[in-house]
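Per-entry structural report
Here is what each chain is made of, one letter per residue.
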Amino acid sequence: MKRSYYSGCDFRRAASIEELRRVAMRRVPNFTFEYVEGGAEDEVSLRRNRDVFERIAWLPRTLAGVGAPELATELLGEPLQMPLVIAPTGFNGMLWPEGDRALALAAAAAGISFTLSTVSNYDVVKLGRELPGRIWFQLYPFKELRAAERLIERAAEAGCDKLVVTTDVPMLGAREWDQRNYRQPMKLNLRSVLDVLAHPGWLRRVMIPGGAPQFANLTEFLPPDGRSALQGVRFMGTQINTSLDWSDVARFRKLWAGKLILKGILCVEDAHRAVDAGADGIVLTNHGGRQLDSAVSGVEILPSVAAAVGNQLAILVDGGFRRGADVLKALALGADAVMIGRPTLYGLAAGGQAGVAHALGLLRGEMQRSMALLGCRNVPELGAHLIRS
Ligand SMILES: Cc1cc2nc3c(=O)[nH]c(=O)nc-3n(C[C@H](O)[C@H](O)[C@H](O)COP(=O)(O)O)c2cc1C
């Protein structure tokens, strides 16, 4: 049977993240949507991130007197109204003006945290002071030591308690959509320019007020007369740290007094090394399928990592979570919380802060319903006994 989906542009009518995705697709030009949507090379990792959930089947408990299930939990000393954190994503300002702030405000209103990327378009100090206790900072560990140290200093100045160090970009993944949509960095090809012109609402909202948004946390590394998005992209190109290794993690551990989370772990051996390096948490992730293609998904490796180190650090996982039940599956398999990337970006592209709030509301409602149907009253009751092995 062919499935029907909502086909309008009102994000409030989207009944699922998939429908919100379709609204987002209509509201932004294709080069922007493809930037959000795409994976590396043949997108095998990307597809795997979704497929894995279909292979996990529930064994629900019935007649459990569930009442209204409670989603609140605690992660690394932080209260979360639901077991989610918004993942770091770069260039959110291309989807909505001050997109990072819109994501952060919606997250805070929902009682969860937001991770600001190194390559975001909003200043970490400004955001951290506006939303104390709700902003995490993600660090791309730059080749230039002093630059990485400055970012860490600014995250501390912002009052952030969580530093997420992304470990899986010793080289940029092959994102072939870039080659299709641009003729050179930040210069769109003719087909993309014509598509942009077909999206006047996006042009008016995002581009006309100030052009392509700058990388607000990189400005101090750029010359005063060269702080455009293009200069930021060029600077990033010079900073990819191909020699990143565990000695860098030791260095970050010394520099950062707050909670240190390593994002990019995909095997038990590295999870043990993260414990030895003094990390407080790890994110099991294949970077949303954007780095190594044909990589295992975070959820696939979760049970063995949880068995090995689950009582020694916090385990987060991401990649392909599109339903509340997906989140519950990860918790049942041993995760402490889930990071979401694209679902809230779809909300952002479709309707700014209100769109993000809609995405979070959909996931919350689905989690609550699935908890009840599973026979669970709260997060601690989720466990491997609910999953057919
Ligand atoms: C558009 C986009 C930009 C991203 N930028 C970053 C980034 O700046 N830093 C980072 O650590 N991860 C980045 N990621 C990866 C996400 O943090 C996260 O691992 C991934 O999106 C999770 O998968 P999901 O989108 O299926 O939820 C990005 C992902 C997307 C989709």
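Cut-offs used in this document
- Residues numbered from 1 in each chain as written.
- Predicted model: local features only at pLDDT ≥ 70, side-chain atom pairs only at ≥ 80, totals over all residues.
- Heavy atoms only, no water.
- Helix = DSSP H or I, 4+ residues; strand = E, 2+ residues; numbered from the N terminus.
- Rg over C-alpha atoms; globule rule 2.2 N^0.38 Å.
- Buried < 20%, exposed > 50% of the residue type's maximum accessible area, 1.4 Å probe, protein only.
- Contact = heavy atoms within 4.5 Å.
- Lys, Arg positive; Asp, Glu negative; His and termini not counted.
- Charge placed at Lys NZ, Arg CZ, Asp CG, Glu CD.
- Phe/Tyr/Trp six-rings, centres within 6.5 Å; stacked < 30°, edge-to-face > 60°.
- Lys NZ or Arg CZ within 6 Å of the ring centre and 35° of its normal.
- Salt bridge = Lys/Arg side-chain N within 4 Å of Asp/Glu carboxyl O.
- Pairing = 2+ DSSP bridges.
- Axes fitted to C-alpha atoms, helices over the stretch in contact; angles between N-to-C directions.
- Right-handed = clockwise from strand over helix to strand, strands pointing away.

Moving on: the overall build of the chain. Summing up its helical and strand segments, the chain has 15 helices and twelve strands in all. The globule rule puts the C-alpha radius of gyration for 389 residues at 21 Å, and the 20 Å found for the chain is close to it. Taking all 389 residues of the chain together, the buried fraction comes to 56%. Counting only contacts in the chain whose residues sit at least 6 apart along the sequence, the fraction spanning at least 24 positions is 70%. Across the chain, the mean location of the 46 positive side-chain charges is 6 Å away from that of the 41 negative side-chain charges.

Enumeration according to the criterion identifies nine aromatic pairs in this entry. Taking 6.3 Å as the distance between ring centres and 85° as the angle between the ring planes, the aromatic pair formed by Phe142 and Phe221 counts as edge-to-face. One end of the pair, Phe142, is in the loop between strand E5 (135-139) and helix H6 (145-157); the other, Phe221, is in the loop between helix H9 (200-210) and helix H10 (229-239), with 79 residues separating them in the sequence. Judged by its relative accessible area of 19%, Phe221 is buried. Cation over ring: Arg22 sits above Tyr5, and NZ or CZ is 3.7 Å from the ring centre. Taking NZ or CZ as reference, Arg290 lies 5.1 Å from the ring centre of Tyr35, over its face.

With that out of the way, let us pick up the pattern of salt bridges. Evaluated as defined, the whole model comprises 24 salt bridges. Put simply, Glu37 and Arg21 hold a salt bridge, and the shortest N to O gap is 2.5 Å. Taken together, the residues span a long stretch of sequence, with Glu37 in helix H2 (residues 30-37) and Arg21 in helix H1 (residues 17-27) at a distance of 16 residues. A residue is classified by how much of its surface remains accessible, and Glu37, at 18% relative accessible area, is buried. Residue Arg21 is classed as buried on the basis of its relative accessible area of 19%. Residue Arg146 pairs with Glu149 through a salt bridge whose shortest N-O separation is 3.1 Å. With Arg146 and Glu149 both in helix H6 and three residues apart, the pair spans about one turn of that helix. Of the residues examined, Arg146 reaches a relative accessible area of 43% and is grouped as partly exposed. Here the salt bridges share partners, and the residues they tie into one network are Asp123, Arg146, Glu149, Arg150, Glu153, Arg154 and Glu220.

Let us look at the sheet that holds strand E4 (residues 113-116). In spatial order, the strands read E3-E4-E5-E6-E9-E10-E11-E12; together these eight strands close into a barrel with parallel pairing. Geometrically, the sheet is characterised by an average inter-axis angle of 30° between neighbouring strands, direction not taken into account. Where E4 and E5 come together, three bridges link them in parallel fashion. Looking at E5, one finds that Thr115 is bridged to Trp136.

Looking now at the pairing of strand E10 (residues 281-284). Burial of the side chains of E10 extends over both faces: Gly281 and Val283 are buried on one face and Ile282 and Leu284 on the other. Pairing geometry for strand E9 (residues 259-265) and E10, over four bridges, is parallel. Note on E10: the bridge partner recorded for Lys263 is Val283. At this point the chain moves from E9, through helix H12 (residues 268-276), to the parallel E10, and the crossover so formed is right-handed. Pairing between E10 and strand E11 (residues 314-318): four bridges, direction parallel. For Leu284, the partnering residue across the bridge sits in E11 and is Val317.

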